[in-house]
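Notes for the structure review
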Amino acid sequence: MEDIVYREEILEHYKTPLNFGKPDKFAISSRQTNPFCGDEIEMFVEFEEKSAGGATIPPQGWKIKTIGFEGVGCVISIVAGSMLTDYAKGKTKKELTKFSQEDMLDLLGIEVSETRKKCALLAFSVLKECLV
Amino acid sequence: MKNYKNDFPIFNQNSKDKQLVYLDSAATSQKPRAVLDAMDEYYKNYNSNVRRGLYPIAEIATQKVEEVRNQVARFINARDASEIIFVRNSTEAINLVMNTWGDMSIDMAMDDVIVATIMEHHSNFVPWQFLAQYKETAFVVIDITGEGYIDVDGMYKKIKNAKILAITHVSNVLGTINPIKEIIKKIRIVNPNITILIDGAQAVPHMKVDVQDLDCDFYVFSGHKMIAATGIGVLYGKKKLLEEMPPFLFGGEMIREVTVEQTTFANAPFKFEAGTPDIAGIISLGAAIDYLEDIGMEIVKNHEKELLEHAFSQMEKINGLTLYGPKDIKDRSGVISFNIKGVHAHDIAQVLGDMNICIRAGHHCAMPLHKHLGIVASARISVYIYNTKEDIDLFISGLKKVKEIFKV
């Protein structure tokens, strides 16, 4: 399995993750830790549409304009955060609400063991919380 | 250095090129044939419930279980076998004390203080934190020094008005062996009314423990970390305390007499052992103690010390590797936690795992301690009697491979 998880391009991805950092402007943020190892990921989301007149819950049709994440984690959790935030950009809240755990594992494209699924799904779980 | 691997069937089923290197005994230990056989013998030859059947196999089972109780009492030098209560594991033992002694003794009106340390495993931290919240009383946490020792001076101040101190004998992360005997001696001078519970999960498997010499009130440990089966653990408690405590779980085997109106309870230890116990587990614990005593706890301790030194001296030389806990090997038991700069602990463990080298990564159920150390996770090796220097060498070459892959 090592050849799959720790191949060169994955490690490069880990060292230079996409959308890493806190954007200047964001409407929603959420933070979660993985109880299995203490890793944490915080995600920041800004929608394309202007938050109009005090609506606190963004409607389903709104698209994500900016998304970023920060945190500490292993290769799988950081790469998952990187890939997921990149995937989410420009997608509507509705599209992302339909996005399932299986979709996340497919997107990651790395074979993960049962115990490492918690790492693979940490960013996913944070994004879901942002979309509630 | 003697090789004990042949006694442990798990090590005999691997091909030479991918032999099992098991360095996670602080999580759970492997089991020798003698332990597996003892359990097998019970199920095959005298499987029956204890303390009720009046036929020969039930007599044997009952007798075996009580023999193990005596054996455990001797092993940790309890004054009396009735001070030995069979539970599932250390966690259950601590919860038993928290629920019975804790509920009975902690009083908000009296400003009772509950004290634990920052190096506790969650199992000896969360129950006390919960009890303090439930009783609306103070929960005080003792610090550690930069080197990973208990801050003893701070401790003597903090326990002055404490009702209970919960402290581990050996840290499952730092490997620190706390000087429990000296600590208890001094504490009893500062605060004669305190009750002291020792978490011995990482101590009893690795060194000679004498509960009378330590003078603790409660001492807990798990069988599965000392080559016995999972599902069996021990609570030792001073007789006087056990007699005062209310029962924990209610049901069969813990009663003296039941009428429609009222129930009277059996004496300790049976008062705390409701329901059918883990008979096979208890028998496995007896066989495990036999095995360890046959080798001798002093030899077990020295065997691990030698492995620890072997690992330590090589790990110190690895660039970017941080070791946690005391530098002085004589203050440590067989656990080494570490991190490699630029590589997450999970990734270290997975690369090694792919080589069939089993180590632990994460917070090892000690989140407050990791926070205190300023890290989210660490990697950990832990050794036992069946480990060899070759295991350590394979682990070290695994670490080199990790560094290669991650280019650090």
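For clarity, every value in this text was computed on a predicted model and none was experimentally measured.

In this section: the overall build of chain A. Along chain A, the regular secondary structure elements total seven helices and three strands. Counting helices and strands in the order they occur from the N terminus, chain A gives α-α-β-β-β-α-α-α-α-α. For chain A, whose C-alpha radius of gyration is 15 Å, the value lies close to the compact-globule estimate of 14 Å for 132 residues. The principal-axis extents of the C-alpha atoms in chain A amount to approximately 50 × 25 × 25 Å. Counting every position in chain A, which comprises 132 residues, the buried fraction comes to 47%.

Turning our eyes to something else, we now look at the domain arrangement of chain B. All names here are of chain B. The domains assigned to chain B are domain 1 (5–23 + 296–406) and domain 2 (36–293). Relative placement of domain 1 and domain 2: their C-alpha centres are 28 Å apart. Facing 33 residues of domain 1, the contacting portion of domain 2 comprises 33 residues. Between domain 1 and domain 2, a total of about 2700 Å² is buried, with carbon and sulfur atoms accounting for 63% of that surface. When the buried area of domain 1 at its contact with domain 2 is split by residue, M297, L369 and Y384 rank highest and sum to 25% of it. Across the domain 1-domain 2 interface, the total number found is zero salt bridges. Looking at the side of domain 1 that touches domain 2, the elements with two or more residues in it are α10 (297–315), β12 (335–340) and α12 (367–373).

The biggest cluster of nonpolar side chains holds 82 residues, and the ones touching the most others in it are F86, L165, Y219 and L285 of chain B. Element by element, the count of residues in this core is highest for helix α9 (residues 279–295) of chain B, at 11 residues. Here this core spans two domains, and each of domain 1 (5–23 + 296–406) and domain 2 (36–293) of chain B adds at least three residues to it. Residue contacts for Y219 of chain B: discarding those within four places in its chain leaves H169, I198, G200, A203, V204, V209, V211, L214, V234, L235 and Y236 of chain B. Core analysis: the second largest hydrophobic core is formed by 73 residues, V79 and L84 of chain A together with I329 and L399 of chain B among them.

Here we come to the packing of helix α3 (residues 75–88) of chain A against helix α7 (residues 122–130) of chain A. Residues and elements named next belong to chain A. Close contact between α3 and α7 brings their axes to 8 Å; oriented N to C, the two are set at 40 degrees. Here α7 runs oblique to α3, going by the angle between their axes. Only A123, F124 and L127 of α7 make contact with α3, whose side of the interface consists of A80, G81, L84 and A88. Of the residues in the contact of α3 with α7, the class split is six nonpolar, one polar and no charged.

With that settled, the discussion passes to the sheet that holds β12 of chain B. The strands that make up a sheet pair up through hydrogen bonds in the backbone, lying either parallel or antiparallel. All names here are of chain B. In space, the four strands of this open sheet follow the order β11-β12-β15-β14, with antiparallel pairing throughout. If you trace the sheet from one side to the other, it starts and ends with β11 (321–323) and β14 (360–362), each paired once. Going from strand to strand, the sheet's axes swing by 30 degrees on average, the running direction of each strand aside. Across four bridges, β12 lies against strand β15 (residues 378–382) in antiparallel orientation. Within β15, the position partnered with V335 by the bridge is S382. Contacting β11, β12 and β15, α10 crosses the sheet at an angle of about 15 degrees to β12.

A few words now on the side chain of S222 of chain B. One can find S222 of chain B in strand β7 (residues 218–222). Among the residues examined, S222 of chain B registers a relative accessible area of 3% and is labelled buried.

So, on to the pairing of strand β6 (residues 195–199) of chain B. The two faces of the sheet receive side chains in turn, since in a regular strand these alternate between them. All names here are of chain B. Burial within β6 is extensive, with five of its five residues counted as buried. Burial along β6 is two-sided: the face carrying T195, L197 and D199 and the face carrying I196 and I198 are both buried. Bridge analysis of strand β5 (residues 162–168) against β6 gives five bridges, and the strand direction is parallel. Opposite I167, over in β6, you have I198 as the bridge partner. In this fold, β5 hands off to helix α6 (residues 180–190), which returns the chain to β6; that crossover is right-handed. Across three bridges, the pairing between β6 and β7 is parallel.

Quick look at the sheet that holds strand β3 (residues 64–72) of chain A now. All names here are of chain A. Taking strand neighbours across the sheet as the criterion, the three strands line up as β1-β2-β3 in an open arrangement whose pairing is antiparallel. Each edge of the sheet is formed by a strand with only one pairing partner; in this case those strands are β1 (28–33) and β3. Direction aside, neighbouring strands of the sheet carry axes that sit 15 degrees apart on average. For strand β2 (residues 40–47) and β3, the ladder comprises eight bridges, and the chain directions are antiparallel. Among the inter-strand pairings, E42 is bridged to a residue of β3, identified as E70. Of the strands in this sheet, β2 and β3 touch α3, which is tilted by about 175 degrees from β3. Where α7 meets the sheet, its contacts fall on β1, β2 and β3, and the angle it forms with β1 comes to roughly 145 degrees.

Calculation notes
- Residues numbered from 1 in each chain as written.
- Chains lettered and ligands numbered in written order.
- Predicted model: local features only at pLDDT ≥ 70, side-chain atom pairs only at ≥ 80, totals over all residues.
- Heavy atoms only, no water.
- Helix = DSSP H or I, 4+ residues; strand = E, 2+ residues; numbered from the N terminus.
- Rg over C-alpha atoms; globule rule 2.2 N^0.38 Å.
- Buried < 20%, exposed > 50% of the residue type's maximum accessible area, 1.4 Å probe, protein only.
- Domains from an automatic or database assignment.
- Contact = heavy atoms within 4.5 Å.
- Buried area = accessible area lost by both parts, 1.4 Å probe.
- Salt bridge = Lys/Arg side-chain N within 4 Å of Asp/Glu carboxyl O.
- Core = buried A, V, L, I, M, F, W, Y, C linked by side-chain atoms within 4.5 Å.
- Axes fitted to C-alpha atoms, helices over the stretch in contact; angles between N-to-C directions.
- Parallel < 35°, antiparallel > 145°, perpendicular 65-115°, else oblique.
- Nonpolar A, V, L, I, M, F, W, Y, C, P; charged D, E, K, R; others polar.
- Pairing = 2+ DSSP bridges.
- Right-handed = clockwise from strand over helix to strand, strands pointing away.

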